[in-house]
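Understanding the architecture of this molecule
Chain residues, written in single-letter form:
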Amino acid sequence: MATKPRKSAPAVKSSSSGSTKKRVNIALQGGGSHGAFSWGVLDKFLEDGRLEIEGISGCSAGSMNAVVYAYGHLKGPEGAREALHNFWKAISDEGQKFAMKPSPIEKMMGINLGKTMMSGPMRMMSKMLSPYQLNPSNVNPLLNVLEAQVDFEELRSHAQTKLFLSATNVRTGKVKVFDTSEVTSAAVMASACLPELFHAVEIDGEFYWDGGYMGNPVLYPLFYHTDSRDVIIIHVNPIERAAPPKTPLEISNRLNEITFNSALLKELRAIGFVQKLMDEGWIKDEFMHKMKYVLMHSLRAENALSDLGAESKMESDWEFLTMLRDRGRTYASEWLDANYEHVGERSSVDVQKAFL
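Presented here is a report on the structure given in the accompanying data block. (Residues numbered from 1 in each chain as written. Predicted model: local features only at pLDDT ≥ 70, side-chain atom pairs only at ≥ 80, totals over all residues. Heavy atoms only, no water.)

Nonpolar side chains tend toward joint burial in soluble globular proteins. Formed by 62 residues in total, the largest nonpolar core has its most connected members in Ile26, Phe45 and Val67. With near-sequence residues (within four places) excluded, Ile26 lies in contact with Phe45, Ile53, Gly55, Ile56, Ser57, Leu222, Ile232 and Ile234. In this structure, Val177, Leu222, Val231 and Val349 belong to the second largest nonpolar core, which totals 19 residues. (Core = buried A, V, L, I, M, F, W, Y, C linked by side-chain atoms within 4.5 Å. Buried < 20%, exposed > 50% of the residue type's maximum accessible area, 1.4 Å probe, protein only. Contact = heavy atoms within 4.5 Å.)

The following block contains the structure:
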């Protein structure tokens, strides 16, 4: 963790208004359609205007939000807001081509029997047959949506936001971080490649699966390759659950949540250890300049998403996605009210108590 600690976050001037903003880094988790919650958080941060995002580390849906944000931000904050809105609307429009529509009676009852009946058989098929058998042509509508929404060549050439997208190398089992210069549509799809649904993504002779297995998302690039020492993690996968899962789907979902949070918790443990070393004066003064005291902030979605089942991560209905966006905006607004003053001054979350 390089760079001498600062007493405050780097202040930057907004070119449009001349106002001073606090520069931060953002870490975006994956979680399928629940990534629309993170869309809402980003939308509120952009609307509020007091934070300047230096770098984003993303995984899976978090990677998609990251590249869409960065591309849109080439036209300023409102450009980023518009790009995120257009991306998620395109996701919804594409998803509705494959969705099973509820009948009027089902709508009145608040259910979708077709979707409910299909979810079980689809899960069984994904356990018995690989995507190479179920989807030999490797059709992935997400790729078409992504390439229609983001000009990756322009993004790489003019990016103002440092990007770090994580994927899992199938051969080595190690995390691969694609930085801004390496970001392509294939890199994003690698970061979001669930092995039960899609073929492994090949890039330069290596094959990749979803980055959540090795980091959801990884944090260390934000320590080494940015100036800001503030990191705001936008959690989508709950770390805690109030009750043990009972159904097969609930059990599978909870196992995935634990798996996809494990690498992040290990990194947070390392951060907590370094903070303890520095807080208690265990590091000699002549070595302090080699350390960065990272300030951690956390926006957790446990309460915001606690009423949603695992199957909703595949939902693409526009009303559902905008509901998640609005929940994200509400949580972001509450977080800013409670914690903005701490940015650049101290962590707003106790890493030891919250995560370890």
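What follows is about helix α11 (residues 248-279). When the terminal C-alpha atoms of α11 are compared, their 45 Å separation across 32 residues agrees well with the 46 Å that a helix rising 1.5 Å per residue should span. A bend of about 35 degrees at Ser262 is the largest found in α11. The N-terminus of α11 is capped by Thr247, whose side-chain oxygen sits 3.1 Å from the backbone nitrogen of Glu250. Looking one or two residues beyond α11, the residue adopting positive phi is Gly281, at roughly 70 degrees. (Helix = DSSP H or I, 4+ residues; strand = E, 2+ residues; numbered from the N terminus. Expected span 1.5 Å × (residues − 1). Bend = angle between axes of the 7 residues up to and from the residue. Polar contact = N/O pair within 3.5 Å; in protein donor to acceptor, adjacent residues only side chain to side chain.)

This brings us to the pairing of strand β3 (residues 51-59). The buried count for β3 comes to eight of nine residues, which makes it a mostly enclosed element. Inspection of the sheet shows strand β2 (residues 20-28) paired to β3 by seven bridges, in the parallel sense. Bridge pairing links Lys22 to Leu51 in β3. Taken together, β2, helix α1 (residues 35-48) and β3 constitute a β-α-β crossover, and its handedness is right-handed. Here β3 runs beside strand β4 (residues 162-169); their pairing, made up of five bridges, is parallel. From the neighbouring strand, Ile56 faces β4, where its bridge partner is Leu163. (Pairing = 2+ DSSP bridges. Right-handed = clockwise from strand over helix to strand, strands pointing away.)

With that settled, consider the environment of His235. Within the secondary structure, His235 sits in the loop between β8 (230-234) and α11. On the accessibility criterion, His235 (1% relative accessible area) is buried. In this structure, the C-alpha to C-alpha distance between His235 and Glu302, residues 67 residues apart in sequence, is 8.3 Å. Within the structure, the side chain of His235 is placed 2.9 Å from the side chain of Ser298, a separation counted as a polar contact.

What follows deals with the side chain of Asn253. The residue Asn253 is located in helix α11 in this model. You can call Asn253 buried: its relative accessible area is 11%. Excluding its chain neighbours within four sequence positions, the residues that come into contact with Asn253 are Arg241, Ala310 and Lys313.

For the bond from Asn216 to Pro217, the omega torsion is -10 degrees, close enough to zero to count as cis. Within the secondary structure layout, Pro217 lies in the loop between β7 (206-210) and α10 (220-224). Positive phi values are uncommon outside glycine, yet Asp204 reaches one of about 50 degrees. In this structure, Asp204 sits in the loop between β6 (201-203) and β7.

Looking now at the environment of Lys22. You can see Lys22 is positioned in strand β2. Between the C-alpha atom of Lys22 and that of Glu52, which follows or precedes it by 30 residues, the distance is 5.8 Å. Of the polar contacts made by the side chain of Lys22, one reaches the backbone oxygen of Tyr340; its length is 3.1 Å. Of the polar contacts made by the side chain of Lys22, one reaches the backbone oxygen of Val343; its length is 2.9 Å.

On to the environment of Arg327, then. Looking at the element boundaries, Arg327 is found in helix α14 (residues 318-339). Considered as a pair, Arg327 and Val41 are 286 residues apart in the sequence and their alpha carbons are 8.4 Å apart. In contact with Arg327, other than residues within four places in its own chain, are Phe37, Ala304, Leu305, Asp307 and Leu308.

Inspection of the entire model under this criterion finds 17 salt bridges. A salt bridge links Lys89 to Asp93, with the nearest nitrogen and oxygen atoms 2.7 Å apart. Of this pair, Lys89 and Asp93 are both found in helix α3 (residues 77-95), four residues apart, which corresponds to roughly one turn of the helix. Classification of Lys89 as partly exposed rests on a relative accessible area of 29%. (Salt bridge = Lys/Arg side-chain N within 4 Å of Asp/Glu carboxyl O.)

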